[in-house]
Amino acid sequence: MNTNLAFEEEIYDELIDGQIVMMSPSPTANHFHAAGNIYTIFNNYLKGKKCTPFMDGFDLYLSPKDRFEPDMMIVCDNNKIKPDGVYGAPDLVVEVLSPSTLKRDKGYKKSAYEKAGVKEYWIVDTNNKSIEQYLLVNGQFTLNDVYVIHPDYLLNKMTEEEKAAIVTEFKCSLYDDLIIKLEDVFERTI
């Protein structure tokens, strides 16, 4: 009897500018938690509403040359949702940075999302516990803000006035009544 266990690893790829690019190996715990937390926030909020959240693993067919797998996306036009993926620009896309995807997420993919008309794009950095929020304004992404959880050593050096000025929550531009709390996004990250 063979006691060796063989694991078949699923291989994921994306089509980026017409080239097949292999995806990173399994995400880190921080990546997994942040992406899952963001999905949970939107999934809970969108119950009973027309928009649909999708987590990592569902294909986004943005153009004939671009098939991505965002870490999270929101789609409000149900005609774009097909059994095998989303066809066309989502309303919101979230990418959680990994060392191997950082350049693509901040470069080519950001440009592709902008060109396709994605209304809002988040780049989440679990190492720095930050979120860059880009909004589409006149066809171009504009950095709305960067939200950061400051480490204790920096907080200890700040005055009470500086601490009071720190923004710890923000709104998604799609919904006036949804407050995104940084502590919820980065819960269980280390």
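The structure displayed is predicted, hence computed values, not measured ones. Counting restarts for each chain: residues are numbered from 1 in the order of the written sequence. Totals for whole chains, interfaces and linings use every residue, but because this is a predicted model, local features are given only for residues with pLDDT of at least 70 and side-chain atom pairs only at 80 or more, for both listing and counting. Values reported for side chains reflect all heavy atoms of the structure, with hydrogen atoms and water molecules removed beforehand.

Draft legend 1. Quick peek at the overall build of the protein. Numbering of helices and strands starts at the N terminus; helices are DSSP runs of H or I of at least 4 residues and strands are runs of E of at least 2. The secondary structure content of the protein amounts to six helices and 14 strands. Put simply, the protein has 190 residues, and 39% of those count as buried. Only heavy atoms matter for contacts: two residues are in contact if any of them lie within 4.5 Å across the pair. Nonlocal contacts in the protein, meaning residues at least 24 apart in sequence, comprise 53% of its contacts between residues at least 6 apart. Only the protein chains shown count as cover for residues, and all accessible areas are computed by the Shrake-Rupley method using a 1.4 Å probe. Total accessible area on the protein is roughly 11400 Å²; 51% of this is exposed by carbon and sulfur atoms. When accessible area is computed with a 1.4 Å probe and restricted to protein chains, residues below 20% of their type maximum are described as buried, those above 50% as exposed, and intermediate ones as partly exposed.

Draft legend 2. Structural context of helix H3 (residues 108–116). Three or more residues of H3 are buried, namely Lys-109, Ala-112 and Tyr-113. Viewed end-on, H3 has its buried residues packed into an arc of 100°, placing them on one side of the element. Positive phi shows up at Gly-117, right after H3, with a value of about 95°. An arc is given here, and it is the one of the directions from the helix axis to the C-beta atoms.

Draft legend 3. Region of the structure containing the sheet that holds strand S3 (residues 52–55). For two strands to be treated as a pair, DSSP must find at least two bridges joining them. Spatially, the six strands line up as an open sheet ordered S3-S6-S9-S10-S11-S12, and their pairing is mixed. Lying at the two open borders of the sheet, with one neighbouring strand each, are S3 and strand S12 (140–148). Neighbouring strand axes in the sheet, compared pairwise and without regard to direction, differ in orientation by 15° on average. The pairing of strand S11 (residues 130–137) with S12 spans eight bridges and is antiparallel. For Leu-136, the partnering residue across the bridge sits in S12 and is Phe-141. Those strands touched by helix H1 (residues 29–45) are S3, strand S6 (72–75), strand S9 (92–96) and strand S10 (120–125), and its axis lies near 165° from that of S3. Angular values range over 0 to 180 degrees, each being the angle between N-to-C directions of two axes fitted as lines to C-alpha atoms, with helices fitted over their stretch in contact. Of the strands in this sheet, S9, S10, S11 and S12 are in contact with H3, which crosses S12 at around 125°.

Draft legend 4. Up close: the state of the cysteines. Criterion for a disulfide: a pair of cysteine sulfur atoms at a distance within 2.5 Å. Here the structure, examined in full by the defined rule, presents one disulfide. Across the disulfide from Cys-51 sits Cys-76; the S-S distance is 2.0 Å. A torsion of 105° about the S-S bond marks the disulfide between Cys-51 and Cys-76 as right-handed. On the criterion of sequence distance, the pair formed by Cys-51 in the loop between H1 and S3 and Cys-76 in the loop between S6 and strand S7 (81–82) is long-range, its members being 25 residues apart. Residue classification places Cys-51 among the buried residues on the basis of a relative accessible area of 8%.

Draft legend 5. Structural view of the environment of Ser-130. Tracing the backbone shows Ser-130 in strand S11. Classification of Ser-130 as buried rests on a relative accessible area of 10%. Spatially, the C-alpha atom of Ser-130 lies 5.4 Å from that of Tyr-147, the residues being 17 residues apart in sequence. Not counting the four nearest positions on each side in its chain, Ser-130 is found in contact with Ile-123, Val-124, Asp-125, Val-146, Tyr-147, Val-148 and Phe-186.

Draft legend 6. Structural view of the pattern of salt bridges. The working definition used for a salt bridge is a side-chain nitrogen of Lys or Arg within 4 Å of a carboxyl oxygen of Asp or Glu. The full count for this structure, using the stated rule, is six salt bridges. The shortest N-O distance in the salt bridge between Glu-132 and Lys-106 comes to 2.9 Å. Of the two residues, Glu-132 is situated in strand S11 and Lys-106 in helix H2 (residues 102–106); the sequence distance between them amounts to 26 residues. A salt bridge links Lys-163 to Glu-160; the shortest N-O distance between them is 3.5 Å.

Draft legend 7. Quick peek at the side chain of Asp-105. With respect to the secondary-structure elements, Asp-105 resides in helix H2. The contact partners of Asp-105, leaving out residues within four places of it in the chain, are Glu-95, Val-96, Leu-97, Lys-110, Tyr-121 and Ile-123.

Draft legend 8. Region of the structure containing the packing of aromatic side chains. Centres within 6.5 Å are what make two rings of Phe, Tyr or Trp a pair, Trp counting through its six-membered ring; a difference in plane orientation under 30 degrees is then read as stacked, over 60 as edge-to-face, and the rest as tilted. Taken as a whole and judged by the stated rule, the model has eleven aromatic pairs. Feature note: the residues Phe-68, Tyr-113, Tyr-121, Tyr-134 and Phe-141 constitute an aromatic cluster, connected by ring pairs. Should the NZ of a Lys or the CZ of an Arg lie within 6 Å of a ring centre and within 35 degrees of the ring normal, that charge is described as sitting over the ring. Over the ring of Tyr-45 we find Lys-49, and its NZ or CZ is 4.1 Å from the ring centre.

Interpretation in functional terms is not warranted from these geometric data alone.
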